[in-house]
Each structure stands twice: as structure tokens, then as C-alpha cells.
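Here is how the chains run, residue by residue.
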Amino acid sequence: MGRCAVKPRQGRPSRRNLLAGVAGSAAAIGGAVAIAQTRQATPANTEPTSAGGIVPATGATQAGIDRPATPQLFGLVMIYDLAAPDDLAFLATLGRDIATLVEDPPADLLPDGAVGLTVTVGLGPRMVSHRRPDLPGAESLPPFAGDETIAPDARGGDLLVMACAEDPTVLAPVVDRLLAAVPGVRVRWGQRCFRGAPPSGSGTIIRNPLGFHDNVQIPHTDEELAANVWLEAPLAGGTLCVVRRLRVDLDGFRGLPTSRREEVIGRRLDGTPLSGGLPFDPVDITAKAANGELLIPAHAHVRAAHPSFTASHLMLRRGYAYDNGDGDSGLMFICFQRDLRTYVLTQQRLDSLDELMTYVSPTGSASFLILPGHHDDRPLGAELL
Amino acid sequence: MARRNRETPWAAVVIPVVTALLVVIVASACAPDTRTGQSLVRVPQDAPSISRALELVAQHGLVLVDPGIYPEAVTVTVPDVTIRGTDRNGVVIDGEGLRQSGIVVTAPGVTVENLTVRNHNFYGVLVTGMPGGGGGHDVPYSKPAPDMPLLQRFRVDHVTAINNGLYGIYSFHAQHGVIEDSYASGSADSGIYVGQCRDCDIVVRGNLAERNAVGFENANASDSVYVVGNRWSGNRVGMTLISSYQEDLRPQRANLVVGNLITDNTSAESPVQADGGFGIGIGISGGQDNQVERNRITGNRLVGILLNNAEDLPATGNSLLGNSFDGNGVDVADTSQARAAGSRNCVDPAAGLDVRPAGMAARACPTSASPAAGIDRADLPALPVPPGVDFLQVPEPPTQPDSTNARSTEPTGVLPATVGSPDVAAIPVPSKDLLAQWAGVR
């Protein structure tokens, strides 16, 4: 309930939404105030992401999740199988190697410096459950709608290595060098990906391949990240990551009239919720016209994905676009949250309700325990040894 | 790619928004027992407005209101008072399409009776233990159950609540109450709503709700909720029992719904149900262990009773026995998804009854669970949904009957600590014309 809000009537987006001003207004006080605080709060990480910048690799959490605050333009997501699920000794070495690469970039690999490089490491359910079946991350994703069409090699995996930087040319060499030291490793699947620059110059909000803004409602502050993203002891500073490669029928979606595309998403092209307000304001899922019609349509993506319907945590989405040619392009959906339930219930709801899903086909799917951060006194993976 | 199976349209019924009230309610420190005041305050003779009268009245006192249009938002913070109109149809609290609520009760033991509340953008009458909000659907974060105590004891009697945007008569986070012999129409959510309580001890009896998106709605109100002898006819959806993650105290369970007339919920003279619900008698979304018995359920052109999961909360253990069905699109259907399939639901078999899947038909509900996914929703009849009517434009009802207390200058007195169950066993299937003389839709 606290979402009560009284937007002034003249603020209504259209003549017909009398009720919205009131019902809809519900969002305003709670919602608007909350978001205002979010925007004014100091981001948890303010490290620069400009080319040449160093994003600290060590700390309580791994880099590449909430830092840099503006995600890098390029990514390489690599997923591997490991020969021996009981051998995690390589992790400590891998962590040290990552830190060394970032802090003291070797000229042969990173001639222009660190270029915002982050390398994030996660373990698949088989690895976690082998060691500690009681821990978060030991559980696999259930199948979702369309998952039966995913090639077996593009499901799951034991080891996630996600490298991101402002320069796409460094990513594969960096990952190759890091993985050379990991024994018994075999590539399972992977994807190069990219994202546009934020329209505002910094921050998480970008346009995705659908042409709409993405990552609008995500946790930012330390409090929000603690409540929604980071695990607690014994994995404090870790999190759970879901990776879904989603081929999107972009021609089909773009073929819709603009107003229909906005109805499918629930926001206008400029980011304004169909419930009214300013670009990037929170959507007001309760807003109605006087005749009872929802201003955010019943099958709109932002309604289907809204965490209130499942009492879910707020996902930290940090996705990319991909394009493999021959029409195989779409979204590399990447999210972080403190429980798998948040993703599972939300995706099941999307499968039931979200009109956008009619344009989406999954072609890859996996979940990982993102290990807590590492530093000199706490090697990567120490919590599982 | 084909569009995937959609959840039933009423499943995500939009939830109340109590907090609007924070604008109105300044958490007035409730008057203590030592409050002094008048035992009877007449409006307009002793006070020009109901709000002013509430400043003058003593605890346990009576505010007695003469006919007139009262353009005010009334907040009741005095325990155990009665607000009574002398003429139900002539005493009108009018929101004029501008104000949010007519009467908001935040004090225990309050009676509201024999008056009309109309033209509010949110609620006609709201009784709440959570003024100022703080409940579970305060998105985007999930929240623990509130530790605020439930409001205790209330009575809404012979109230006409019309053309109120969200709910006509609405109790939330409250228990030990009665809503009876009242009328509600023109709500874009539901005419009457009871939400978020356990051991609710709430009786909803003898009411008439029509020309609403939903006649009566219960979200997360469990255990002792008795819905008896009401007319939930001529809405888009007659009534719903739903579990909702947007509020606390889920799942919804263990209501008694007996002796109600639930017919012809195919009204075009109403706002739309937000998710497109139309032609549905009773919707049970994630509701559990409810007894829905001896109701007359007819002419609901999509389905008489519709069971469905609410996200991962299954509809289980609902006893649908002794009801009289006729002229529904399908009499009883379970469209639960496999991920939260229903179990232990039952309908007693009768000649000609259309139950899908047919396995639900049994003379008693099975005691052990064997979850089975429901039918595909696409297998229900395809009904065109008429456009919605502006909630302020929904037709007014015929003149409604006065309470026998209408002229009394005696306050109601202290409401009992508990209400208790009506004699449910004595309630038969109602006649086809239950409360018809007061209905605008017949």
C-alpha cells in the first residue's frame, strides 16, 4: 500500500484517465518519493568507466556486477564445463590473475591500459551442489516456455567467465589467457555482446535492441543492493546470476505501429510510463482510466515483470545486445539477485502474461553462483573450500 | 510463435491503495476514553458538517445526519461512534469526482449506517487498520507482514455506495466486523471488498452489488469470513476469492460462501474489469479450503465458477457443493497452470453439469492431494467484452430501503468483541429473485 500518490489532475497524461489521477496516483507518494531518494543517493560505486579507467577487481564483491556504475560497452560471456567438479583450487589462481591483469595491465594484452576491464566469475549448479548442496546456487533453473528448443550445449554449464570492457578487441585474448591456467576446461557456450551508450552519458539506462529503454528500475544504492542482490554469510558479497540468450523477432516487433510497441512495453519511446509522469519514472501499475481500463495494459511487459505481483526482489539487470548475423540477434539478458525465486517466478509470469514474449525465443540459459569478492586475504572461491 | 497460454483475466485483480489516505489522515491521536463531548450531535442542527460533528461527539456517541448533500471527506478517529443518516437515499456524502474517499474509519468500534456515499475516486467507505499505508503491495520491494494491529470491530449497515472509482465499501487489515444490507455499484474494482486479515471474523450479509467490475472481492482475507445471502449479480465478475502477493497474509483461505445469488455477470453498464474478466460468476485464484455451497449460480456466460492459480499459489481444497447451476458458459472450470496445479477441489456431480476437467466432480472433496493441471483457458467460450463505462456514469440504483434505526436518536452502543458465524447450516439455495426489488439489473 504505501504507493499512494496524488498526482495533480493536470498532470494526467490524457483526458481519459480520470481514475488514474487517483487510483494511479497511488504510486506517487510512496513510489515517487522512493525513486527520488534513489536518484539522489550516492551510487554504491562511482568508479569511472571511461576508456583507460581501472575498475577495482578486488573487494567485498566481484567487479562487473554493480561496478562500474555505467556498464562497459562490450562484453564476452563464456560458459565452460569442468572435468572435475571437486577441484576448485584453480579459483584462487584465477582471482589473482584477474587482479593482476587489471591492476598492472600487460602491454601485450592491454596496450591501452585496463580499458574498464572487469572479469566476473561464477559457478554452475553442478559445481555448487557437489560441494555444498545447501547453498544458494546449488539449484538449477526449471524449464521455461520455449526452453525445449534450446540446444543442449547452450543450457547450463559449470563455470561462467564474463569479461566486459570499453574495447571489444581485448576481451577474447584476456579470457583465453585467464582460462589457460584452468585445468580440464571445455567451452560449452558463449556470446559476444554489446550495448549502446547511455543517452544521459552515464548510468545503467540504455536503449535495447527493441528500441526501448532498459534497466530503468533496478537497485542502485548500497541499501537497495544489500536488500535485493547480495547474498549473506557464508557467501556474503556473492549473488546469483541468470543468463538468458533471447533471440528477438525484431522485424516483427518493429513492424508494429509505435503506439502498439509502447503498449507491449508499457512505456513510451522516450521512457515515460503509460501511466504518466516523466521519462524513467516508476510505472504505476494501478493506474486506470475512468472506465476501468488499465493505463499500463494487462499484457504489457513492465506490468508482467513487476516484482509486486510475485513479492520478488528487484533484479539487478545488466544485459547486453547481441547479433550473430542471419537474423540471430536479440538480448543477452543478464541479471543478479539474491534468490533464484525472484527470477523463476518472474519468468513464469512473463511466460503467462507478457505480450513481449511472443517476439522472444530463448536460445541459451544458465544460472550461476557469483562468488564473493576476492582480495589478498580472501582468495576467489575461499568460501567453498 | 504462438501466444502462450494467458492467465485468467481476473487473476491479477488490481489491489487496493489504502495509502492514498495519507493525505487525509494525519494519524490523529485517537481520542482517549477521557474524551468529553456530546452523546448526540445532529447535522446540520448542531454542526454544519459531519466532520465538525465528529469533533464534538463523545466516544460511544451518535452523529445523526439529516438529508442533504455533504461535499466532505470524513475521517473517523473517535472510537465506538455511530454515523447515521436519517434518510438513506437523502443523506449523501458526495465526492463530486474530486475527492478520494467518502468516509475513512481508523478507530475501533465504529458504525456507519443509512446513508449514501458517491462519486469518490477511490473509496466510498473504507475501514482500515493501516492508515497511511505500509502494506505488502508497496512495490517495488517485497515487505514483511506489517506489525500494525488489525482494526477491531466495525459495522457498515444500509449504506449505498455508488460511482466510487475503486471500491464502494472496503475493509482492510480489520477484523470483527459486519457489512450488511448495503448496496454498491459503479466501482472499477469491486463494489465490496474485504482484504488482508486472518481470523477475520467478518460477516458480509444481505448486500447487493451490481454494475461493478467485480461485485465482491476478497484478497487474503481468511478463516472466519462469512459471505451469506448476498446478490452478486449484474457485474462483470460476481465475486472473487484471491491470494495476492501484493498484500500480506496470503494465501486466501477458509471462507464460507453460502446462499448467495450470483447470476448474469455480463453487465455492459459497468467499468471494465482491469484484466478483461467478463461473464464469470465466482473466480477463485489461489484461494484455498473455501466452502462455496448452496449458491444459485446462473447465466454467467463464460463460467459459473473459475479456479486458477495465483502465480505459484495453487487453488486447493475448495468445496463447491450443493450449488444450483444453470445457463453458465461452463459451470465449473479449473484453468490452473501445471506449475501450481489445483488439488482437493470438488464439485458434486449432477445431471447436465459441465465441469472441466471432469475429474473434479465428486460428492466429497478428496483428502489427499493429487495435483492436476486444469484445462487450457482457450477451451472456455469466446466472449466479446463490451467497452467499459466511466464509473461516474454508471446508472444509479432504485431507491434503497431505510434501516429500521433511521430515526433513532440512540447510538448503536458498543459493538461486540466478536461477531461469530451466522447459522450457515440453515441457509438454503436462495430464490432467483433474492433482493430483486432493490436491484437495478434484474
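Residues numbered from 1 in each chain as written. Chains lettered and ligands numbered in written order. Predicted model: local features only at pLDDT ≥ 70, side-chain atom pairs only at ≥ 80, totals over all residues. Heavy atoms only, no water.

Participant: Please explain the overall build of chain A as it appears in this structure.
Facilitator: In terms of helices and strands, chain A carries 9 helices and 11 strands. Residue burial in chain A is summarised as follows: out of 385 residues, 61% are buried. By sequence separation, contacts in chain A at least 24 residues apart represent 75% of the contacts at least 6 residues apart. Approximately 13800 Å² of chain A is accessible, and the part contributed by carbon and sulfur atoms is 54%. (Helix = DSSP H or I, 4+ residues; strand = E, 2+ residues; numbered from the N terminus. Buried < 20%, exposed > 50% of the residue type's maximum accessible area, 1.4 Å probe, protein only. Contact = heavy atoms within 4.5 Å. Areas by Shrake-Rupley, 256 points an atom, 1.4 Å probe, with all protein chains shown as cover.)

Participant: What exactly am I supposed to notice about the environment of A:Gly190 here?
Facilitator: Residues and elements named next belong to chain A. Here Gly 190 is to be found in strand S4 (residues 185-194). By relative accessible area, Gly 190 is classed as partly exposed at 28%. Sequence separation of Gly 190 and Leu 160 is 30 residues, and the distance between their C-alpha atoms is 9.3 Å. If we skip the residues at most four places from it in the chain, Gly 190 touches Val 77, Met 78 and Arg 245.

Participant: Explain helix H2 (residues 90-103) of chain A here, please?
Facilitator: Residues spaced three or four apart along an α-helix face the same direction, because each turn holds 3.6 residues. Residue and element names in this part refer to chain A. With 14 residues, H2 ought to run about 20 Å at 1.5 Å a step, and its terminal C-alpha atoms sit 20 Å apart, in line with that. Along H2, the residues that are buried comprise Phe 90, Leu 91, Ala 92, Leu 94, Gly 95, Ile 98, Ala 99, Leu 101 and Val 102. Packing partners of the buried residues in H2 comprise strand S1 (74-82), strand S2 (118-123), strand S3 (159-165) and helix H4 (171-179). (Expected span 1.5 Å × (residues − 1).)

Participant: In this structure, what is going on with the state of the cysteines? I would like to understand it.
Facilitator: Defined simply, a disulfide is a covalent bond joining two cysteines at their sulfur atoms. Residue and element names in this part refer to chain B. Scanning the model with the defined rule gives 2 disulfides over all chains in all. Paired through a disulfide, Cys 346 and Cys 365 show a sulfur-sulfur distance of 2.0 Å. On the sign convention where negative is left-handed, the bridge of Cys 346 and Cys 365, at about -75° about the S-S bond, is left-handed. Pair noted here: Cys 346 is in strand S30 (residues 346-347) and Cys 365 is in the segment after strand S31 (355-356), with a separation of 19 residues, a long-range link. Note on Cys 346: relative accessible area 0%, which makes it buried. The class for Cys 365 is partly exposed, based on a relative accessible area of 22%. Look at chain B and number its bonded cysteines as they come in the sequence; the links are 1-2, 3-4. (Disulfide = S-S within 2.5 Å.)

Participant: Would you mind showing me how to read the side chain of A:Thr70 here?
Facilitator: Relative to the helices and strands, A:Thr70 is located in the loop between helix H1 (28-40) and S1. Within the local environment of A:Thr70, its side chain forms a polar contact with the backbone nitrogen of A:Gly203, the two atoms lying 2.7 Å apart. (Polar contact = N/O pair within 3.5 Å; in protein donor to acceptor, adjacent residues only side chain to side chain.)

Participant: Can you walk me through the nonpolar core in this structure?
Facilitator: Across soluble globular proteins, nonpolar side chains show a tendency to be buried alongside one another. With 74 residues, the main nonpolar core has A:Leu123, A:Leu159 and A:Phe253 as its most contacted residues. Tallying contributions element by element places H2(A) first for this core, with 7 residues. If sequence neighbours within four positions are ignored, A:Phe253 has contacts with A:Leu210, A:Phe212, A:Arg261, A:Val264, A:Ile265, A:Leu356 and A:Tyr359. Core analysis: the next-biggest nonpolar cluster, separate from the first, contains 65 residues, B:Leu150, B:Ala209, B:Leu241 and B:Leu320 among them. (Core = buried A, V, L, I, M, F, W, Y, C linked by side-chain atoms within 4.5 Å.)

Participant: Can you help me understand the sheet that holds strand S17 (residues 214-221) of chain B in this one?
Facilitator: Residues and elements named next belong to chain B. As summarised here, the arrangement of the 11 strands in space is S4-S7-S9-S11-S14-S17-S20-S23-S26-S29-S31, forming an open sheet in which the pairing is parallel. Here the strands that pair on one side only, and so sit at the sheet edges, are strand S4 (74-76) and S31. Where strand S7 (residues 101-105) lies against strand S9 (residues 123-128), 4 bridges are found, and the strand directions are parallel. Within the sheet, the bridge partner assigned to Ser 101 lies in S9 and is Tyr 123. (Pairing = 2+ DSSP bridges.)

Participant: Even after reading the chapter, I still don't get the side chain of A:Arg318, so can you show me in this structure?
Facilitator: All names here are of chain A. On the secondary structure map, Arg 318 appears in the loop between strand S8 (316-317) and strand S9 (320-323). No salt bridge is formed by the buried Arg 318, whose closest oppositely charged neighbour, Asp 66, lies at an N-O distance of 6.6 Å. Of note is the side chain of Arg 318, whose polar atom sits 3.0 Å from the backbone oxygen of Ile 65. A distance of 2.7 Å separates the side chain of Arg 318 from the backbone oxygen of Pro 68, its partner in a polar contact. For Arg 318, the contacting residues outside a window of four places in its chain are Gly 64, Ile 65, Asp 66, Arg 67, Pro 68, Pro 71, Gln 72, Arg 195, Asn 215, Ile 334 and Phe 336. (Lys, Arg positive; Asp, Glu negative; His and termini not counted. Salt bridge = Lys/Arg side-chain N within 4 Å of Asp/Glu carboxyl O.)

Participant: Please clarify how the pattern of salt bridges should be interpreted in this entry.
Facilitator: Where side chains of opposite charge bring their charged atoms close, a pairing between them can arise. Under the counting rule described, the total for this entry stands at 30 salt bridges over all chains. For A:Arg188, the salt bridge goes to A:Asp81, with nearest N and O atoms at 3.0 Å. Taken together, the residues A:Arg188 in strand S4 and A:Asp81 in strand S1 connect sequence positions 107 residues apart. Classification of A:Arg188 by relative accessible area gives partly exposed; the value is 23%. Between A:Arg177 and A:Asp108 there is a salt bridge whose closest N-O contact spans 2.7 Å. In this pair, A:Arg177 sits in helix H4 while A:Asp108 sits in the loop between H2 and S2, placing the two residues 69 residues apart along the sequence. Residue class for A:Asp108 comes out exposed when judged on its relative accessible area of 57%. Ionic contacts of the salt-bridge type, sharing partners, join the residues B:Arg155, B:Asp157, B:Glu180 and B:Arg205 into one network.

Participant: Honestly, the environment of B:Asp66 in this entry has me stumped. Any pointers?
Facilitator: Residue and element names in this part refer to chain B. In this structure, Asp 66 sits in the loop between strand S2 (57-65) and strand S3 (68-70). When neighbours within four sequence positions are excluded, Asp 66 is seen to be in contact with Arg 42, Val 43, Pro 44, Gln 45, Thr 86 and Val 91. A distance of 3.4 Å separates a polar atom in the side chain of Asp 66 from a polar atom in the side chain of Thr 86.

Participant: Looking at this structure, I do not really get the pairing of strand S26 (residues 303-308) of chain B. What am I missing?
Facilitator: Across a regular strand the side chains alternate sides, sitting on one face of the sheet and then on the other. Residues and elements named next belong to chain B. With 6 of 6 residues buried, S26 lies mostly within the body of the structure. As paired elements, strand S23 (residues 280-285) and S26 share 5 bridges and run parallel to each other. Its bridge partner being in S26, Ser 285 is matched across the sheet by Asn 308.

Participant: Help me out: how do you make sense of the packing of aromatic side chains in this one?
Facilitator: Describing an aromatic ring pair means giving the distance of the ring centres and the angle of the ring planes. Residue and element names in this part refer to chain B. This model, assessed by the stated rule, comprises 12 aromatic pairs over all chains. Pairing Tyr 167 with Tyr 170 gives two aromatic rings, centres 4.7 Å apart and planes at 40°, and the pair type is tilted. Taken as a pair, Tyr 167 and Tyr 170 share a single burial class, namely buried. Of the aromatic side chains, those joined through ring pairs into one cluster are Phe 122, Tyr 123, Tyr 167, Tyr 170, Phe 172 and Tyr 193. (Phe/Tyr/Trp six-rings, centres within 6.5 Å; stacked < 30°, edge-to-face > 60°.)

Participant: Looking at this model, I keep getting lost on the pairing of S2(A). Mind explaining?
Facilitator: Residues and elements named next belong to chain A. Of all 6 residues that make up S2, 6 are buried, and the element is covered over most of its length. Of the two faces of S2, the one carrying Thr 118, Thr 120 and Gly 122 and the one carrying Val 119, Val 121 and Leu 123 are both buried. In terms of strand pairing, S2 meets S3 through 6 bridges, oriented antiparallel. Its bridge partner lying in S3, Thr 118 is registered against Cys 164. Alignment of S2 against strand S11 (residues 360-370), held across 2 bridges, turns out to be antiparallel. When the bridges of S11 are listed, Leu 123 appears paired with Leu 369.

Participant: What is the right way to read unusual backbone geometry from this model?
Facilitator: Residues and elements named next belong to chain B. With an omega of 0°, the peptide bond between Arg 250 and Pro 251 qualifies as cis. Within the secondary structure, Pro 251 sits in the loop between strand S20 (237-242) and strand S21 (255-258). Residue Pro 357 is bonded to the preceding Arg 356 through a cis peptide linkage, with omega at -5°. The topology assignment puts Pro 357 in the segment after S31. One non-glycine residue, His 158, lies in the positive phi region at around 55°. Structurally, the position occupied by His 158 is in strand S10 (residues 151-162). Judged by relative accessible area, His 158 falls into the buried class, the value being 11%. Positive phi, close to 70°, is recorded for Asp 223, a residue that is not glycine.

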